[in-house]
Amino acid sequence: MEDVQGVGVISKYGLEKYNALIEMNCCCFFEFDMEADRLSFSNNMVIPELSGKVIEHSTFQMSSIIVDRDVPIVIEFLHFAGENPIEFRLKGFVQNAIWCQARGTAIRNEQNETVAFVGYIINIDQQKREREEQTARSRMDSLTGVWNQFAVKEIINGVLHTSDSDDCHAFMILDIAGFDVLNQKLGFLFGNVVLNNIAVNLKKRITEGDVIGRVGTDKFVLFLKNMESVSEAYEKAELLLKAVHETYAGENIEQKLSCNVGVSFFPKQGTQYIELFSKADIALYQAKQNGEEITIYHRDGLKLPKLAEGQLYYNEYHIKELGSYKKSEANMELVHFAMELLSNTKDVGSAVNMLLDKIGRNFLVSNVFVVEQEKKKTGISYSWNFKEGLGKSTASQKYVEELFELLSKASGMRRSCYTDLDMGVRVEDGGTMLLCGFYEEDHLKGYVYMERNSGCLRWTEQEVESFMFITKIISFYLLKLRNSERITEKMEMAKNFDSLTGLPTVHKFLTDAEILVKAYNTTRFAIVSMDIKNFKYINDSLGYDAGDRLLKEFAQYLRDTSYGKQICARSSADNFAVLMPYETAEQLKLRVMSIVESFSEQQNRKNVALNIGISAGIYMLKDKEKDFMAAIDNANIARKLVKNSSVDSCAFFDDNMEREIKKEQQIISNMHSALDNEEFQVYLQPKIKLVTGKISGAEALVRWMRRDGTMLPPNDFVPLFEKNGFIVKLDFYIYEQVCKLLQKWKKSGAKIVPISVNVSRVHLYHDDFLDKVLQLIRTYQVEPWMIEFELTESIFLNNTVTAITVMKELRKMGFCVSIDDFGAGYSSLNLLKDMRTDVLKLDKEFFRAGEMKEEERIIVSSIIRMAKQLNMKVLSEGVETQMQSDFLKTVECDMAQGYLYAKPLPVKEFELLLKSYEEVLES
Ligand code: C2E
Ligand code: CA
Ligand code: CA
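Fair warning: this is a prediction, and the values are worked out from it, not measured in the lab.

Rules used throughout
- Residues numbered from 1 in each chain as written.
- Chains lettered and ligands numbered in written order.
- Predicted model: local features only at pLDDT ≥ 70, side-chain atom pairs only at ≥ 80, totals over all residues.
- Heavy atoms only, no water.
- Helix = DSSP H or I, 4+ residues; strand = E, 2+ residues; numbered from the N terminus.
- Buried < 20%, exposed > 50% of the residue type's maximum accessible area, 1.4 Å probe, protein only.
- Contact = heavy atoms within 4.5 Å.
- Pairing = 2+ DSSP bridges.
- Axes fitted to C-alpha atoms, helices over the stretch in contact; angles between N-to-C directions.
- Expected span 1.5 Å × (residues − 1).
- Parallel < 35°, antiparallel > 145°, perpendicular 65-115°, else oblique.
- Left-handed = near helix turned anticlockwise from the far one by under 90°.
- Donors = N, O, S within 2.8 Å, 3.2 Å for Na, K, Ca; no water.
- Salt bridge = Lys/Arg side-chain N within 4 Å of Asp/Glu carboxyl O.
- Right-handed = clockwise from strand over helix to strand, strands pointing away.
- Phe/Tyr/Trp six-rings, centres within 6.5 Å; stacked < 30°, edge-to-face > 60°.
- Lys NZ or Arg CZ within 6 Å of the ring centre and 35° of its normal.

## Section: the overall build of the protein chain
Across its full length, the protein chain holds 29 helices and 32 strands. Split into buried and exposed, the 923 residues of the protein chain put 48% on the buried side. When contacts within the protein chain are restricted to residue pairs at least 6 apart in sequence, those whose partners lie at least 24 apart make up 64%.

## What about the sheet that holds strand β10 (residues 258–266)?
Strand order in this open sheet of five strands is β8-β9-β7-β10-β11, and the pairing throughout is mixed. Two strands close off the open sheet at either side, each with one partner strand: β8 (211–216) and β11 (294–296). The sheet shows a mean angle of 20° between the axes of neighbouring strands, direction not considered. Here three bridges tie β10 to β11, and the two strands are oriented parallel to one another. Within β11, the residue paired with Gly 262 across the bridge is Thr 295. Relative to the sheet, helix α6 (residues 149–161) contacts β7 (169–177), β8, β9 (219–224) and β10, its axis offset from that of β8 by approximately 140°.

## As for helix α12 (residues 348–363)
Look at α12: 22 Å from first C-alpha to last across 16 residues, which is about the 22 Å you get at 1.5 Å a residue. In terms of burial, α12 is largely enclosed, as 13 of its 16 residues are buried. Phi for Leu 364, located one or two positions after α12, is positive at around 55°.

## Things to note about the packing of helix α23 (residues 726–748) against helix α24 (residues 769–779)
Here α23 crosses α24 at 25°, and the two axes come no closer than 9 Å. In terms of their interaxial angle, α23 and α24 are classed as roughly parallel. Considering only the axes of α23 and α24, their crossing is right-handed. Listed contacts from α24 to Val 728, Phe 732, Tyr 735, Glu 736, Cys 739 and Gln 743 of α23 are Phe 769, Lys 772, Val 773, Leu 776, Ile 777 and Thr 779.

## Digging into the coordination of the calcium ion (ligand 3)
Within the protein, Asp 820 (OD), Asp 821 (OD), Glu 877 (OE) and Glu 877 (OE) serve as the donor atoms for the calcium ion (ligand 3), at 2.2 to 2.4 Å. We note that the donor set of the calcium ion (ligand 3) lies within a single chain, spaced as D-D-x55-E. The distance between the calcium ion (ligand 3) and the calcium ion (ligand 2) is 4.0 Å, with Asp 820 acting as a donor to both metals. One end of the pair, Asp 821, is in strand β28 (residues 816–822); the other, Glu 877, is in the loop between β30 (873–876) and α28 (882–890), and 56 residues separate them in sequence.

## As for the coordination of the calcium ion (ligand 2)
Within the protein, Glu 699 (OE), Asn 758 (OD1), Glu 790 (OE) and Asp 820 (OD) serve as the donor atoms for the calcium ion (ligand 2), at 2.1 to 2.3 Å. Sequence spacing of the donor residues for the calcium ion (ligand 2), all on one chain, is E-x58-N-x31-E-x29-D. Classification of Asp 820 by relative accessible area gives buried; the value is 4%.

## Looking at the pattern of salt bridges
Within the structure shown, the criterion is met by 33 salt bridges. Ionic pairing is found between Asp 68 and Lys 91, a salt bridge with its closest N-O pair at 3.4 Å. Remark: Lys 91 occurs in the loop between β4 (86–90) and β5 (98–108) and Asp 68 occurs in the loop between α3 (58–61) and α4 (71–79); sequence separation between them is 23 residues. The shortest N-O distance in the salt bridge between Lys 398 and Glu 402 comes to 3.5 Å. Linking Lys 398 with Glu 402, this pair stays in helix α13 (residues 397–409), spanning four residues, or about one helical turn. A residue is classified by how much of its surface remains accessible, and Glu 402, at 41% relative accessible area, is partly exposed. Within this structure, Lys 687, Glu 699, Glu 788, Glu 790, Lys 841 and Glu 877 form a network of salt bridges that share partners.

## Some details on the pairing of strand β27 (residues 787–792)
Judged by how many residues are buried, β27 sits mostly within the fold: five of six residues are covered. Pairing between strand β26 (residues 755–759) and β27: five bridges, direction parallel. Bridged to Ile 755 within β27 is Ile 787. In this fold, β26 hands off to α24, which returns the chain to β27; that crossover is right-handed.

## With respect to the packing of aromatic side chains
Applying the stated rule across the entire model yields 29 aromatic pairs. Considering the side-chain rings of Trp 704 and Phe 721, the 6.4 Å spacing of their centres and the 40° angle between planes classify their relative orientation as tilted. You can see Trp 704 sitting in strand β24 (residues 695–705) and its partner Phe 721 sitting in helix α22 (residues 714–724), a full 17 residues away along the chain. For the residue pair Trp 704 and Phe 721, the accessibility class agrees, reading buried in each case. Summarising the aromatic geometry, the rings of Phe 717 and Phe 721 are spaced 5.5 Å apart at their centres and angled 45° between planes, so their arrangement reads as tilted. On the criterion of helical spacing, the pair formed by Phe 717 and Phe 721 is a turn pair, its members being four residues apart in helix α22. Take Phe 717 and Phe 721: they sit in the same class, and that class is buried. Lying over the aromatic face of Trp 99, Lys 128 brings its terminal NZ or CZ to 4.1 Å of the ring centre. In this structure, Arg 857 packs its charged tip against the face of Phe 887, placed 5.0 Å from the ring centre.

## Thoughts on the environment of Ala 283
One can find Ala 283 in helix α10 (residues 273–290). Linking Ala 283 and Val 261, residues 22 residues apart in sequence, is a C-alpha distance of 7.8 Å. If sequence neighbours within four positions are ignored, Ala 283 has contacts with Gly 262, Val 263, Thr 295, Ile 296 and Tyr 297.

In short, shape yes, function no, at least from these values alone.
What follows is the structure in structure tokens.
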């Protein structure tokens, strides 16, 4: 009694009542003084958390010893002197929370008022946990519906207990192989269904009285009673294997289910569950080790790793939660399932199959299938049949198409389900079908169909509704799948085939070329790179459609000429690569030239004005050459040499070319500094007025005076600068030099002749060309008549509209404009009327040979006559002989320019020449 602390109430209300408590065979007394709000515990107790504790202001401090959630229960119990026992948890300091039970009695005073509450607390933790375990154990495996691992043990032990040594039972552990992978790939829901289906299939194969349980995530125990022989058990095990094999596990062949079985026998290998289990476990371990499907426990050749006591050989036997799936209302269950299944899987096809199976069983139908229309073909893509299972539809193609037609016509009922009532359609054998279409952007893409031919033929509203939902879900994922399949297909195609021409890409070309060259190792091969000369001009002037058409035609041409060991590819814009077998270099060149020439001919027959040509570069593969990409690059280098040539169409790669390329690269890397260092200089070539013999003007021509003293002619760098755009800078630099010179002449009162400058076609792509020109002449106070702009004829051909606009603007501003290189390579007479301007400069090609042929005379004189009629002056370039000069005078050519009179001269020399001409003529 002295053990009880807090004496107040007890001493007041007598010993008898306190004694009453002791009779209640308990663990820990408590006393609650209601008035003082004080709770005290006795201290000889087995609940160390409470021993001897006194809690003043118990209401507040309760949570120091009691689990928070249970505090209100305890408070209510104490304050209202609860009559019924309560269970609550103490905060344990030794272990986790401890379950306790409290019971109490109210102590009343003479007025029958409750003044205290006394009682006892016992530790029921052990009991409570055992109780929980008990209920857990008694349950079946909720996923598969077979016994769980505790139940199966109990049941088998029960059977073993009543068996005698004459009986023979087989004990098997069955382990599904690769289940983890399947689970990851198809999603846990899919995995769950697979496990469930395996269990269902296994159950079908066992006899009544046999026991089946799930002992691990993908492991089952089977206990088969009364085996006549080992071979009978073996046969049984084979049946079980078959059941697993037959379980649907997705479309992928690699996903086909397989398993291993370890077998042990009662009584030979044990009389207790645990003994049989460990032997079967060893057998299973051996099966896995030896790659066998079924292994019966035997001691022969047993080589097992040592294990700690109680550990098993093959695997951990515990059930991993795969994930859970909440059930909802009956008809929505399937809908949720469908949604979850499909949204969790990476293999939509397999999931749809699985879903059809589930639909089939759920709706109690005989057939379910999905019809899709893809690439104009309407057909069943997934099906399930009550008798045959998956993928064995009995519906005819005709029937499938008829239904599709029906759906697509019944536009008023779109997006709804069609039942026999809606449509009056009945399947021949008297069953009833339900189908629901699915749509993409309002186009019917397919439908889901199911058919019932026995039992209740009428669909309930719930059934129709869930079916609609499910169709929507299926269609969403199927359409998504098909789209991504199409994209993958396209990407695959794009990697290997060029979308415009259909020719292989470089990617494919490289792989194919390697294979070919390896396969025909005695054949010699070359890589030919080809492109369409002036393709950019064609694109610019005739439009992209025309350009595309030309590319397609060339591709087709290459395709037609490539067969056997020859393959071709489109390597970039207008660039094509061909792998060509050859015997000799001459024969190779002939072959390439025949392609080049016959294609150009074919094109030019169609379009005379375009003058289409092909340039080709040939690189002969060396023995055992591996780097085909570098080979293409080399062929490209060779090709570039003839790209701008109007004469040559084909060149072989040689080592000089690499040097050429290097030289070009050097030019490009030096151009900026050269401009800063004033390495570019203006040379002037006089223009002579033929009637008077006076200098009537000059052309400014650029020269690159390099620091090493060498001079580069413009043909070595201007084309390069036109390609990389630097020409814009350089030209304006020249224009500025010319303006400065004119300003100087003007200021010094010297005689001024107009100076012409060259306009690169690149300027036409810049809108500010005219503004910049204006700015320049303003800065140097140069008058427009002093400057003439030379636009080459080719500018007009390729950029007709812009060129004509610029020309007109320049003339409006007061400048003279001449058409340079007239007659060079282009048949442009009919364009003359559009290009009407101040001066026509006849190309120097007309005067090349020194002595002029009769035809040339005729052409030149007619051009001059024509120009005159169009009010244009004519200047002949490249005049080198007196004879040419005399001829030009007779045909009334206005001016001439050429070595006969003077070469392009440094400015100083030109000034002297100008002066001497004046003097000579004046004297
Ligand atoms: P182009 O405009 O046709 O210039 C005439 C070319 O013919 C000059 O070559 C000139 O030296 C050359 N020539 C003059 N008389 C004779 C002759 O009697 N016989 C022969 N065989 N040739 C003669 P050049 O200076 O080498 O210029 C070549 C081309 O470079 C020019 O052809 C022009 O298209 C371009 N070019 C020169 N300077 C510039 C420039 O500042 N800007 C731009 N954009 N291009 C320029
Ligand atoms: Ca010129
Ligand atoms: Ca010229």
